[in-house]
Each structure stands twice: as C-alpha cells, then as structure tokens.
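Residue-level structural notes
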Amino acid sequence: IDRFDFNNVRYTVVDSLTHEIIFHHKPASFRLDGFQLKKVKDQIFKVELIDEVFKINDIILDVANENYKLSINEVNLDTKTFDIQIKELKLKPVEGKLALADKFKYNNSILNFNIDLIHFYHFDIAKLIKNQGIFIDSILVVNGAFDFYKDKRKPFDEKLIKKLPSELLKDIKTPIFIDHI
C-alpha cells in the first residue's frame, strides 16, 4: 500500500456543551501518498515516509459560515528537523467586501489576508499531541498583507468587547514556548 484516496471527507467541530457547530467545511476529496508499509514481523507492519519531507498541496476550505475561502498552496513537514512550512496562506471573502458587509447586522470586520510563507522551526509535535504545550524554536513570517474592512454606518455589537492580548495569554491553560518570532 503506497496511497490512500479519501472521498467526501468532512470535518466538523461541535461545542459539547451547547451543541453548536464551531467549524465545518464542505466535503473534500484528497489523496495521501509518499509513504510505504514495511513488514516488521508476521502480520505486523509500520508506516514509513518515503521522503524526509511530507507535503500536502492545494488545500482549499470554505470557512466562517462559507463567507470566506481559506487556501494554502503547500504545507511541508520535515520529519528530520520537525520544521513546518506553510506556503501562500490566503483568506479571502467569497464575495466583495461591501456585499459581505451588507449581510451583517453589526459592523463586523471583513478580513482579507495573504502570507507568502510561515516557517515554524523545530515544532515539537510530540508535546503538542501529548497536550503538554506548544513548543517552537522560532517562527518566520514572510510578506504578510492584511486588509480589514468595517462598515462604520452599522452599529457596534456591545457583546464583542474582547480582552487585551496580554489578558488572553494569561487565561491559556496550555503552556506555550516560542523562543523567537
């Protein structure tokens, strides 16, 4: 076996207390290859990557109630150094910013961003999986362009008053260690 084909896969995150859907996307189909099954013992096999770099190409998801399209050109995971590269990360509204702003009752932000490269150096995936925290040596962000639009004619939603980033970091239970950004 050297390839898996997945058809009509759907990923949904549901809040277990309120039963509200937090995140979902339309069914997607994709192919995984670049690995092989190697026999260890009789009827026991292990999965090994053929290359040192595991790649995923052309990711496109509908997000935020299908108002936005998230696309990633390429994700690379180097299995030797545990570096992760995300190339051409884009979040764009599916329609014009004025048309999307008209859909909202309040003056919600319309986001549009494009980042050429995000490189996580030595991402400790084992600690993340074991829920011990997020440990990254450094993060490099190359050519980020961010655009925010708000229709100031609409009222402000008083329920959206948020904590400052420093307060949010204090509330996080998971330890985070990033040496350099």
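Further up the page is the structure itself.
Residues numbered from 1 in each chain as written. Predicted model: local features only at pLDDT ≥ 70, side-chain atom pairs only at ≥ 80, totals over all residues. Heavy atoms only, no water.

Examining the pairing of strand 6 (residues 44–49)
On a regular strand, one side chain projects to one face of the sheet and the next to the other, so that they alternate. Taken together, the six bridges between strand 5 (residues 35–41) and strand 6 define a ladder with antiparallel strand orientation. Bridging across to strand 6, Lys 41 finds its partner in Ile 44. Between strand 5 and strand 6, which pair antiparallel and follow one another directly, the connecting turn spans two residues, one of which, Gln 43, has a positive phi of 65°. (Pairing = 2+ DSSP bridges. Helix = DSSP H or I, 4+ residues; strand = E, 2+ residues; numbered from the N terminus.)

Focus: the pattern of salt bridges
Side chains bearing opposite charge may pair, as long as their charged atoms lie close to each other. For the structure on display, the rule yields two salt bridges. We note a salt bridge from Lys 39 to Asp 42, for which the minimum N-O separation is 3.7 Å. Classification of Lys 39 by relative accessible area gives exposed; the value is 55%. Residue Asp 42 is classed as exposed on the basis of its relative accessible area, which comes to 64%. Here Lys 87 makes a salt bridge to Glu 74, at a shortest N to O gap of 3.6 Å. You can see Lys 87 sitting in strand 9 (residues 84–93) and its partner Glu 74 sitting in strand 8 (residues 68–78), a full 13 residues away along the chain. (Salt bridge = Lys/Arg side-chain N within 4 Å of Asp/Glu carboxyl O. Buried < 20%, exposed > 50% of the residue type's maximum accessible area, 1.4 Å probe, protein only.)

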